[in-house]
Amino acid sequence: MAEDLAQLRQQIDDLDDQVLTILAKRFEVVKRVAAYKKEHKLPVVQEDRMAGVVTRLATVHKSAEMTPEFISKLYRLIMNQAVTAENSWVDESN
Ligand SMILES: O=C(O)C(=O)C[C@]1(C(=O)O)C=C[C@@H](O)C=C1
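Only a predicted model underlies this, so the values are computations on that prediction, with no experimental measurement involved.

(A) Region of interest: helix 1 (residues 5-40). Taking 1.5 Å as the rise per residue, helix 1 with 36 residues should run 52 Å; its terminal C-alpha atoms sit 52 Å apart, in good agreement. Where helix 1 is buried, its residues contact helix 3 (68-91). A positive phi of about 55° marks Lys 41, the residue just after helix 1.

(B) Highlighting the site of the ligand. In the region of the ligand, the neighbouring residues are Arg 26, Val 33, Lys 37, Val 44, Val 45, Gln 46, Arg 49, Met 50, Met 79, Ala 82, Val 83 and Glu 86. Arg 26 places a side-chain nitrogen or oxygen 2.8 Å from an oxygen atom of the ligand. At 2.4 Å, a side-chain N or O of Glu 86 approaches an oxygen atom of the ligand. Alone, the ligand offers 350 Å² of accessible surface; in the complex the protein occludes 90% of this. Broken down by secondary-structure element, the contributors of at least two residues to the shell around the ligand are helix 1, helix 2 (47-61) and helix 3. With four residues, the top contributor of residues to the shell around the ligand is helix 3. Each residue belonging to the shell around the ligand can be placed in one class, and the counts come to seven nonpolar, one polar and four charged.

(C) Representation of a negative patch on the surface. Taken together, the side chains of Asp 13, Asp 14, Asp 16 and Asp 17 make up a negatively charged region of the molecular surface. By secondary structure assignment, the location of Asp 13 is in helix 1. The partly exposed category is assigned to Asp 13, whose relative accessible area is 41%.

Conventions we followed
Residues numbered from 1 in each chain as written. Predicted model: local features only at pLDDT ≥ 70, side-chain atom pairs only at ≥ 80, totals over all residues. Heavy atoms only, no water. Helix = DSSP H or I, 4+ residues; strand = E, 2+ residues; numbered from the N terminus. Expected span 1.5 Å × (residues − 1). Contact = heavy atoms within 4.5 Å. Near = heavy atom within 4 Å. Polar contact = N/O pair within 3.5 Å; in protein donor to acceptor, adjacent residues only side chain to side chain. Areas by Shrake-Rupley, 256 points an atom, 1.4 Å probe, with all protein chains shown as cover. Nonpolar A, V, L, I, M, F, W, Y, C, P; charged D, E, K, R; others polar. Patch = residues over 30% accessible without salt bridge, like charges linked within 9 Å, V, L, I, M, F, W, Y side chains within 5 Å. Salt bridge = Lys/Arg side-chain N within 4 Å of Asp/Glu carboxyl O. Lys, Arg positive; Asp, Glu negative; His and termini not counted. Charge placed at Lys NZ, Arg CZ, Asp CG, Glu CD. Buried < 20%, exposed > 50% of the residue type's maximum accessible area, 1.4 Å probe, protein only.

Now the structure itself:
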């Protein structure tokens, strides 16, 4: 028998909550990275690191649905937001 649609959507809602809760934790760590960079006068944008993040994730997690292109787009979006946030934190109290 087919699963109940409402139950399946509840599972999706629960997973979406987990995804964004984990993403918020990622931003908390990014904030600490920004503080480190500010203290050590390092540039916010580190292209080599961003390329490495995408390459690693696309290798480990690629599947029929999650293609390397999808993973790359998703993480470029996330990391561009991280850069925006880092710039605002680094500029704060300057
Ligand atoms: O690893 C860093 O240096 C970070 O600032 C974190 C992060 C990321 O979101 O993963 C963000 C900006 C940098 O360009 C590289 C990576």
